[in-house]
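These are the residues of each chain, in order.
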Amino acid sequence: MKHSSIFYLLVITTLVSCTNNKPIQWTNETPGIWKITAGTPEKVNLLSELNILPRYDILNQMEETPLPFSPDEIVIEQQDGKTYLRFPLSEEEKIYGLGLHFKTVEQRGRVLELHMDHYGGRDNGRTHAPVPFFVSDRGYGALINSARYIRAWVGTGIRKDSQHPPVARDRNTDPAWEAQPYSDNLEFLIPAEGVEIILFTGKNMQEVVQRYNLYNGGGCLPPRWGLGFWHRVPTLFTDKEVEEEVARFEEHGFPLSVVGLEPGWQTASYPCTYEWDPHRFPDPAEFVAGMKAQQIRTNLWMNPYISPAGELYNKIEPYTGSHTVWCGIVPDYTLPAAQQILTEHFEKHQLNIGVSGYKMDENDGYDSWLWPDVATFPSGISAEQMRQIYGSVMQDVTTRMYKEKNERTFGLVRAANAGTSSFPYVLYNDYYNHRDFITALVNSSFIGVLWTPEVRASATGEEWLRRMQTVCFSPVAMLNAWADGTKPWSFPEVTNEVNEIALLRMQLIPYLYTAFADYAFKGIPPMRAMNLEEGFTAATRLNRIEFDATDNPYALAVKEEVKDQFMFGESILVAPLFAGQKERKVILPQGKWYNFYTGELAGEGEVITAHPEQNRIPVYVKDGGIVPLYPPPLPGWITLPSLWKSAITERNPVPICSTTMMEKHTIICRENTPA
Ligand code: GAL
């Protein structure tokens, strides 16, 4: 059922009268969620084309939490045919979310244009997930449900009628003068004559995010195989070369759950045929079955643009847009007929022979080769809206393909937006900065998307190890060797450590699966920003930088924030190391934290210095945390006898679930589950 067609059985309370004489309607959807409709919202929005349903069954059981301010402090007006929207900001308030950023976490003081795009190295709103959802540490958040390029001024604009204006200072004489004085507004401009806004409250930020995710259908629950190790082979590999590569993994005692084929599996790519190349893969069914027999799933790369060289072209052509990309036609997948044609093609060539999923590339777009904003589509959806939702719709269509076959998939995608949390897809990109990849992992947790800091190549063994360590603590532990054919063992000086971390990842699958169950059924992101963790109080600091007429003529301050450590599941804190680091600071939230590897007490609500023992990534377990593990099945597989020590602490005198239980029944381990 499409999101837009759901009948909401709800009480309508008109709380705010009107602005510009246009009525604003407030609907109390469920405890802690309100929908505001202002002006005439467009038919197409971020959720309207998706087959998702809010998890009212769970949401209705959550406790009501009030809005932290009076509803009439939200101002909505029509300006110049657009919708202007304003939320109040209090002095110390912090704002998170508003897209998948790679360098910054807290967004106050920033100006953004939320525009689907490949990330270009600047946090300006152009990104793979330009989600117009923000969460405030005052305990509320809002989704601006418009598929337009939305502009946001996050505490930058200062109004003449401000209730809390900053003090005017004289730059000549006052050293406290600031180029960016305090602003008490969060302002948006939506290029549409009306908009729907969905407000979420919570007793803390995590609860706000939970409500947001549950409203979007909850989080995805990937198959267990999807949580193992992934390896993407070089583009032009043949079936034999893939089989040999897989055999090398076995020889090296390196785990492998998913093999990813890059563009060369097809007869043509950029644009694509989605048909197997008969020379490189003469018998795809046998190849896929051969992989499955070794417990390895096959994932196929694709992009949305369809080549005239394939059988799909003529069938789908009537349902495509006005422009081509790389001379391939662009299907309008909001149309059921286009969805049907693609489904039949994928079933015939891939699903029916056991292909387990897709890597859906290039649906984010670079302006210079994607369809322009003047393009038209047969559904009548504008090019701009199509750009914002294309990746979401592809995720929806392919998720349903697998659901209809009663199978699970887990794949990769380069574009996501609001409403995609329940689709089993993880974002990735071509950008390659290790630190920034971790910041993206942190930020993904505010906006209902998943992100992998995939590993591709490295300048040194040290960098290789550090990257491999962090990817093993992310939604998809993946080496993407499409371009240079790097192997896990390419840096002999760190082979043992790399093996160890990949094997640990495999052991952690029951724990990770439980974390994903919490995502699916409670809306808790499996990897989370520290700011979402109860008891984490480290504040963002603004460091004033000295005036420099060339480099910093406005003496702009630099924000210091926690963006290099994160929560992994309910109880694990990961503090990655980056090449060149011999030690690092770790901020432990309140309560006791234990060293994952030794079980020793690491600290309690304090800043510690981590010295990695045996070159391992620093990992800590929360007091009372339960970390179910698969048993070590291979020689050399990491054994962590002391781990249970960290689980058996004051709050949990006995372990309440065992790895055997997890393995046999895939039981979701909860604190009150009897053993
Ligand atoms: C890129 C993608 C890479 C790889 C490559 C293959 O767009 O980000 O991961 O798949 O295409 O051509």
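Everything that follows concerns the structure shown earlier in this document.
Just so you know, these numbers come straight off a predicted model, no measurement behind them. (Residues numbered from 1 in each chain as written. Predicted model: local features only at pLDDT ≥ 70, side-chain atom pairs only at ≥ 80, totals over all residues. Heavy atoms only, no water.)

## Quick word on the packing of aromatic side chains
For any pair of aromatic rings, the description consists of the separation of the ring centres together with the inter-plane angle of the planes. Taken as a whole and assessed by the stated rule, the structure comprises 42 aromatic pairs. Pairing Phe134 with Tyr140 gives two aromatic rings, centres 5.6 Å apart and planes at 85 degrees, and the pair type is edge-to-face. Phe134 sits in the buried class, given a relative accessible area of 0%. Owing to a relative accessible area of 0%, Tyr140 belongs among the buried residues under this scheme. By the ring-pair criterion, three or more aromatic residues cluster together here, those being Phe102, Tyr119, Tyr431, Tyr432, Phe437 and Trp451. Looking at Arg467, its charged tip hangs above the ring of Tyr432, at a distance of 3.5 Å from the centre. (Phe/Tyr/Trp six-rings, centres within 6.5 Å; stacked < 30°, edge-to-face > 60°. Buried < 20%, exposed > 50% of the residue type's maximum accessible area, 1.4 Å probe, protein only. Lys NZ or Arg CZ within 6 Å of the ring centre and 35° of its normal.)

## Structural notes on the pattern of salt bridges
Applying the stated criterion across every chain, the model contains 37 salt bridges. One salt bridge in this structure joins Arg280 and Asp277, with 3.6 Å as the shortest N-O distance. By relative accessible area, Asp277 is classed as buried at 8%. Through salt bridges with shared partners, one network takes in Asp361, Glu362, Asp364, Arg414 and Asp430. (Salt bridge = Lys/Arg side-chain N within 4 Å of Asp/Glu carboxyl O.)

## As for unusual backbone geometry
In this chain, Tyr270 is followed by Pro271 through a cis amide linkage whose omega measures 10 degrees. Take Pro271: it is sitting in the loop between strand E16 (258-261) and helix H4 (284-293). Notably, Asn615 is not glycine yet its phi reads approximately 65 degrees, a positive angle. (Helix = DSSP H or I, 4+ residues; strand = E, 2+ residues; numbered from the N terminus.)

## Points about the sheet that holds strand E30 (residues 592-595)
Pairing is antiparallel in the open sheet, where six strands are placed in the order E24-E27-E28-E33-E30-E31. The sheet is open, and its two borders are formed by strand E24 (527-529) and strand E31 (601-604), each paired with just one other strand. Each strand of the sheet is rotated relative to its neighbour by a mean of 30 degrees, with strand direction disregarded. In the sheet, E30 pairs with E31 via three bridges, with the strands oriented antiparallel. Bridge pairing links Lys592 to Glu604 in E31. (Pairing = 2+ DSSP bridges. Axes fitted to C-alpha atoms, helices over the stretch in contact; angles between N-to-C directions.)

## Notes on the site of the ligand
All residues in the neighbourhood of the ligand are listed as Glu262, Pro263, Tyr270, Trp301, Lys359, Asp361, Glu362, Arg414, Tyr428, Asp430, Asn480 and Trp482. One of the side-chain N or O atoms of Glu262 is found 2.3 Å from an oxygen atom in the ligand. In the model, an oxygen atom of the ligand is placed 2.8 Å from a nitrogen or oxygen of the Lys359 side chain. Relative to its unbound accessible area of 310 Å², the ligand is 95% covered by the protein chains. By residue class, the composition of the shell around the ligand is five nonpolar, one polar and six charged. (Near = heavy atom within 4 Å. Polar contact = N/O pair within 3.5 Å; in protein donor to acceptor, adjacent residues only side chain to side chain. Areas by Shrake-Rupley, 256 points an atom, 1.4 Å probe, with all protein chains shown as cover. Nonpolar A, V, L, I, M, F, W, Y, C, P; charged D, E, K, R; others polar.)

## Topic: the layout of surface pockets
Considering only enclosed or pocket space, the largest pocket measures out at about 1000 Å³ in volume. Going through the elements one at a time, strand E25 (541-543) and strand E26 (558-560) are the ones with two or more residues in the lining of the largest pocket. Its residues assigned to classes, the lining of the largest pocket shows 10 nonpolar, seven polar and 16 charged. (1 Å grid on protein atoms, 1.4 Å probe; cavity = no way out; pocket = protein on both sides within 12 Å on 5 of 7 lines; lining within 4 Å. Points joined across faces, edges and corners; volume = space filled by probe spheres on them.)

## Let's talk about helix H10 (residues 495-507)
Taking 1.5 Å per residue as the helical rise, H10 with its 13 residues ought to reach 18 Å, and the 18 Å between its terminal C-alpha atoms agrees with that figure. A large share of H10 lies buried, amounting to 10 of its 13 residues. Listed as buried for H10 are Thr495, Val498, Asn499, Ile501, Ala502, Leu503, Leu504, Arg505, Met506 and Gln507. Elements that come into contact with the buried residues of H10 comprise strand E15 (229-232), helix H9 (461-471), strand E23 (477-480), helix H11 (509-522) and strand E27 (566-568). (Expected span 1.5 Å × (residues − 1). Contact = heavy atoms within 4.5 Å.)

## Quick notes on the packing of H10 against H11
As a packed pair, H10 and H11 sit with axes 5 Å apart at the nearest point and diverge in direction by 55 degrees. In terms of orientation, H10 and H11 fall into the oblique class. For the pair formed by H10 and H11, the contact residues are Arg505, Met506 and Gln507 on the first element and Ile509, Pro510 and Leu512 on the second. Classifying every residue of the contact of H10 with H11 gives four nonpolar, one polar and one charged. (Parallel < 35°, antiparallel > 145°, perpendicular 65-115°, else oblique.)

## So, the side chain of Asp364
In this structure, Asp364 sits in the loop between strand E20 (357-360) and helix H7 (383-404). Since its relative accessible area comes to 0%, Asp364 is described here as buried. Dropping the residues within four chain positions of it, Asp364 is found in contact with Met116, Asp117, His118, His128, Leu370, Arg387, Arg414 and Ala415.

## Considerations on the side chain of Thr409
Relative to the assigned elements, Thr409 resides in the loop between H7 and strand E21 (411-413). Residues in contact with Thr409, not counting those within four places in the same chain, are Pro223, Trp225, Ser356, Gly357, Tyr402 and Pro424.

## Some thoughts on the sheet that holds strand E8 (residues 110-116)
A sheet is described by the order of its strands in space; here six strands give the open sequence E5-E6-E13-E12-E8-E9, paired in mixed fashion. The outermost strands of the open sheet, each flanked by one partner alone, are strand E5 (75-79) and strand E9 (126-127).

## A closer look at the environment of Val621
Of note, Val621 is situated in strand E33 (residues 619-622). Considered as a pair, Val621 and Lys592 are 29 residues apart in the sequence and their alpha carbons are 8.6 Å apart.

## A short note on the packing of helix H2 (residues 205-215) against H11
Where H2 contacts H11, the axes come no closer than 8 Å and their chain directions differ by 70 degrees. On the basis of their axis angle, the class for H2 and H11 is roughly perpendicular. On H11, the residues that touch Gln210, Asn213 and Leu214 of H2 are Tyr519, Ala520, Phe521 and Lys522. For the contact of H2 with H11, the class distribution of residues is four nonpolar, two polar and one charged.

## Observations concerning the pairing of E15
Side chains Phe229 and His231 project from E15 onto one buried face, and the interleaved Trp230 and Arg232 project onto a second face that is buried too. Bridge analysis of E15 against E23 gives four bridges, and the strand direction is parallel. Within E23, the position partnered with His231 by the bridge is Leu479. Of the crossover connections in this fold, the one passing from E15 over helix H3 (residues 239-251) to the parallel E16 is right-handed. (Right-handed = clockwise from strand over helix to strand, strands pointing away.)

In short, shape yes, function no, at least from these values alone.
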